[in-house]
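# Analysis of the macromolecular model
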Amino acid sequence: FEPITVGIAIGAASALTGYLSYKDLYCRFAECCRSERPLNASALKQDLEEKLFGQHLATEVILKALTGFKNNKNPKKPLTLSLHGWAGTGKNFVSQIVAENLHPKGLKSNFVHLFVSTLHFPHEQHIKLYQDQLQKWIRGNVSACAGSVFIFDEMDKLHPGVIDAIKPFLDYYEQIDGVSYRKAIFIFLSNAGGDLITKTALDFWRAGRKREDIQLKDLEAVLSVGVFNNKHSGLWHSGLIDRNLIDYFIPFLPLEYRHVKMCVRAEMRARGSAIYEDVVTRVAEEMTFFPKDEKIYSDKGCKTVQSRLDFY
Ligand SMILES: Nc1ncnc2c1ncn2[C@@H]1O[C@H](COP(=O)(O)OP(=O)(O)OP(=O)(O)O)[C@@H](O)[C@H]1O
């Protein structure tokens, strides 16, 4: 070897290791976008199985969708998940778990963005402005971090025009104006279809079948009628469905008395308290259940558990 070549090689190597350690050091103190970092699938699985109660379908589909997407070095489009179900069944909660498994700071991460329809896009007359702002926001953030996560809550209260603005980003384009959106993740949350999911769960219950026996295929047809044709839900007018831009529809089942109790226990644990079963029962019994006769499902899911626990 010529001395010059060796010198260049050593220089390059030390520059590279210097750069790497600088970057590592930097990332210890500041948040870094690590879109290429592999997903720890077993950590996600454990989180979902331990923390999310009564949602065997959501657990299964989310795990499958995320591991598949993150293992693919070359996705052809961003991942789009549409979560459906009754209030308080865990849609926001799951989004938070997913966000934390992708970016350790979760919802506080600079690479995770939550939009709430009634908060961020309240006025119908300003749709044009919202469209512009949203496009700029998404473009800017995906340019800064390819693996950005965007969560849209209350999709059923969103004017479909707003989502129209981001349709091109969800499509199969390699790049748009020099930016590739293919590693980004979009999560839509909605109550649309919740009544039909509940009806299916109730049919199973009335037939004496186990909740865990409900399969995705039992709900797909139901969701397609109830959600795809529902004129009052933000997505459906927008053509996202016709163009097959939603990768997974994820149903959230209504929660039963036993699940509410699990939520109370989880909340007690989170507060560092011992588990008092009499309090667990009292909080769960304060919730209201439907349908009128059978009283199986909590009408607010686990939503008011935390505030109710404050009384004890
Ligand atoms: N399936 C569940 N497993 C564990 N905890 C749950 C579950 N569902 C709800 N919770 C608890 O209840 C709280 C409220 O639920 P969450 O905000 O996720 O409901 P949601 O489905 O997003 O409701 P909405 O449609 O009204 O926005 C969560 O922060 C969590 O503590």
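Before going into details, it helps to say that this report is about the structure given with it. (Residues numbered from 1 in each chain as written. Predicted model: local features only at pLDDT ≥ 70, side-chain atom pairs only at ≥ 80, totals over all residues. Heavy atoms only, no water.)

### Overview of helix α11 (residues 257-270)
The first and last C-alpha atoms of α11 sit 20 Å apart over 14 residues, in line with the 20 Å expected at 1.5 Å per residue. The complete set of buried residues in α11 reads His259, Val260, Lys261, Cys263, Val264, Glu267 and Met268. The positive-phi residue at the C-terminal boundary of α11 is glycine 272, with phi of around 75°. (Helix = DSSP H or I, 4+ residues; strand = E, 2+ residues; numbered from the N terminus. Expected span 1.5 Å × (residues − 1). Buried < 20%, exposed > 50% of the residue type's maximum accessible area, 1.4 Å probe, protein only.)

### Points about the pairing of strand β2 (residues 112-116)
Across the 5 residues that make up β2, a large majority, 4, are buried. Looking at chain direction, β2 and strand β3 (residues 149-153) are connected through 5 bridges and run parallel. Residue leucine 114 lies in a different strand from β3, and its bridge partner there is isoleucine 151. (Pairing = 2+ DSSP bridges.)

### Focus on the nonpolar core
Counting residues in hydrophobic clusters, the biggest one holds 27 residues, and the most contacted among them are Leu66 and Ile187. Of all the secondary-structure elements, those providing two or more residues to this core are α2 (41-51), α3 (56-71), β1 (79-85), α4 (91-102), β3, β4 (185-190) and β5 (248-252). The leading source of residues in this core is α3, at 7 residues. Among all residues touching isoleucine 187, those that are not within four sequence positions of it are Leu81, Leu83, Ser95, Val98, Val149, Phe150, Ile151 and Phe152. Among the nonpolar cores identified, the runner-up in size contains 25 residues, and Phe121, Val142, Ala184 and Leu245 belong to it. (Core = buried A, V, L, I, M, F, W, Y, C linked by side-chain atoms within 4.5 Å. Contact = heavy atoms within 4.5 Å.)

### Digging into the packing of α3 against α4
At their nearest, the axes of α3 and α4 sit 12 Å apart, and the two run at 25° to each other. Judged on the interaxial angle alone, α4 and α3 are roughly parallel. Read as a crossing pair, α3 and α4 show a hand that is right-handed. For the pair formed by α3 and α4, the contact residues are Ile62, Leu66 and Lys70 on the first element and Val94, Val98 and Leu102 on the second. Partitioning the contact of α3 with α4 into residue classes produces 5 nonpolar, no polar and 1 charged. (Axes fitted to C-alpha atoms, helices over the stretch in contact; angles between N-to-C directions. Parallel < 35°, antiparallel > 145°, perpendicular 65-115°, else oblique. Left-handed = near helix turned anticlockwise from the far one by under 90°. Nonpolar A, V, L, I, M, F, W, Y, C, P; charged D, E, K, R; others polar.)

### Digging into the site of the ligand
Close to the ligand lie 18 residues, the nearest being Phe53, Gly88, Lys91, Asn92 and Lys303. Within the backbone of phenylalanine 53, a nitrogen or oxygen atom sits 2.8 Å from a nitrogen atom of the ligand. Within the contact set of the ligand, an oxygen atom lies 2.4 Å away from a side-chain nitrogen or oxygen of lysine 303. When the free accessible area of the ligand is taken as 620 Å², the share hidden by the protein chains comes to 85%. Applying the majority rule of atoms within 2 Å of the grid points places the ligand in the largest pocket. With 3 residues, α4 is the largest single contributor of residues to the shell around the ligand. The class makeup of the residues in the shell around the ligand is 8 nonpolar, 7 polar and 3 charged. Both of domain 1 (41-252) and domain 2 (257-309) provide at least three residues apiece to the shell around the ligand. (Near = heavy atom within 4 Å. Polar contact = N/O pair within 3.5 Å; in protein donor to acceptor, adjacent residues only side chain to side chain. Areas by Shrake-Rupley, 256 points an atom, 1.4 Å probe, with all protein chains shown as cover. 1 Å grid on protein atoms, 1.4 Å probe; cavity = no way out; pocket = protein on both sides within 12 Å on 5 of 7 lines; lining within 4 Å. Sits in = over half its atoms within 2 Å of the grid points. Domains from an automatic or database assignment.)

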